[in-house]
Amino acid sequence: MALSRLDIHRRNRGERTLVTLAGDIGPATTPLLRAAVEQCLLDGVTEIDIDLTTVGSCDARGLDVLLSAAWRAGRAHARLRLHHPCAQIARLLDATGSTSLLLTAPASPVPPTASSDHMSTATRAPEDRARRPDQPVLRDGIRLRRLTRRQAEDMREDIADLAAQSVADTVGEAYHDRGDFLHRLAVTAHRPGFALLVAETTVLVGCAFGFPVGSDGRQGGGTLQEIIQRLTSCARFVVLTQVVAHPHAQHRDIAHRLQQRLLTDLHSSLAVTLLHPADRGARAAFSSWGWQNMGEVVGLPGPVAPCVLTLYAEGQPWARR
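Given the structure is predicted, the values throughout are model-derived calculations rather than measurements. (Residues numbered from 1 in each chain as written. Predicted model: local features only at pLDDT ≥ 70, side-chain atom pairs only at ≥ 80, totals over all residues. Heavy atoms only, no water.)

**Student:** Explain the packing of helix H1 (residues 30-42) against helix H2 (residues 60-75) here, please?
**Tutor:** At their nearest, the axes of H1 and H2 sit 10 Å apart, and the two run at 10 degrees to each other. By the angle between their axes, H1 is roughly parallel relative to H2. Contacts from Thr30, Leu33, Arg34, Val37, Glu38 and Leu41 in H1 reach Arg61, Gly62, Val65, Leu66, Ala69, Arg72 and Ala73 in H2. Considered class by class, the residues forming the contact of H1 with H2 number seven nonpolar, two polar and four charged. (Axes fitted to C-alpha atoms, helices over the stretch in contact; angles between N-to-C directions. Helix = DSSP H or I, 4+ residues; strand = E, 2+ residues; numbered from the N terminus. Parallel < 35°, antiparallel > 145°, perpendicular 65-115°, else oblique. Contact = heavy atoms within 4.5 Å. Nonpolar A, V, L, I, M, F, W, Y, C, P; charged D, E, K, R; others polar.)

Structure representation (structure tokens):
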């Protein structure tokens with residue numbers, strides 16, 4: 001008699017994960033399923049989506065594992081949901097009265113698979129009061145969430161996909177090379193105080209990342225700090241290295257909220273970004289988001305003199321200049 005087999009594939013999206021099962025859930029494979037779900041909870045996952053599309057059969061013991069896992073997830077303030085069960089699993093859920101507990105998922109449970117280190121790019125296209133930096137914000141179906149360095153590394157390819165899609169067919173896309181984006185993200189991630197925010201629905205729709213300058217008088221480079229202080233009288237600011245807002249009905253609002261939330265999280269009243277002077281698309285996007293173009297500035301490292309743009313936090317008396 002052939003032993004049953006269950007292949008388990010896990011795909012992480014920040015605090016959410018998709019577990020895809022292929023095979024049979026029975027006495028020989030339930031320990032694997034139990035271990036996989038428990039590992040998700042140990043990793044701090046808050047949304048566990050289990051895709052049963054390619055599961056051929058599931059016995060009562062397998063269903064018990066799923067119910068127990070759902071109960072443990074609830075105790076950990078997480079949620080486990082099943083998607084696309086076969087007829088046998090659907091009958092078991094109905095017979096045990098578990099349908100409403102485990103089959104309450106949305107139609108699309110998870111996202112589909114899908115120059116210098118200061119130089120920033122952009123795409124076409126009052127935030128919330130102070131809160132914990134890792135606290136998600138949900139409004140109008142869009143959640144803002146701050147990622148740790150590890151989460152940013154795990155999602156780097158997905159974020160790069162978003163950036164590439166967002167600049168397709170826009171002016172200045174020559175300055176939006178995928179490799180350059182990944183390099184910029186990697187370099188910025190090693191900066192003290194690095195912060196990365198994502199905006200997401202069932203898919204990523206925006207991101208912004210950067211780092212603070214001025215907390216120790218040296219971070220980010222003395223030359224840049226001196227130039228910004230002469231231009232704005234501010235010695236402390238955030239270098240906003242990248243803003244991406246995917247073409248979306250709320251793309252301007254998404255970019256605005258990401259930028260203001262980043263300033264709040266990093267306790268700064270001023271954001272600064274540096275753009276390649278030939279990147280007209282980026283300048284137009286930042287202008288539409290309320291940034292002020294201070295002109296090209298010489299004296300910074302790099303083959304060209306970048307344009308320096310500034311944005312003040314909402315509520316500042318000079319924010320509407």
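Structure's up, so let's keep going.
**Student:** Help me understand the pattern of salt bridges in this model?
**Tutor:** All told, the structure shown has 13 salt bridges when counted by the stated rule. Asp49 is the salt-bridge partner of Arg16, the closest N and O atoms lying 2.9 Å from each other. Of the two residues, Arg16 sits in strand S2 (residues 16-25) while Asp49 sits in strand S3 (residues 47-58), which places them 33 residues apart along the sequence. Given a relative accessible area of 0%, Asp49 falls into the buried group. Among the ionic pairs, Glu157 bridges to Arg156, the shortest N-O distance being 3.1 Å. On the accessibility criterion, Glu157 (36% relative accessible area) is partly exposed. Exposure remark for Arg156: the relative accessible area of 23% places this residue in the partly exposed category. (Salt bridge = Lys/Arg side-chain N within 4 Å of Asp/Glu carboxyl O. Buried < 20%, exposed > 50% of the residue type's maximum accessible area, 1.4 Å probe, protein only.)

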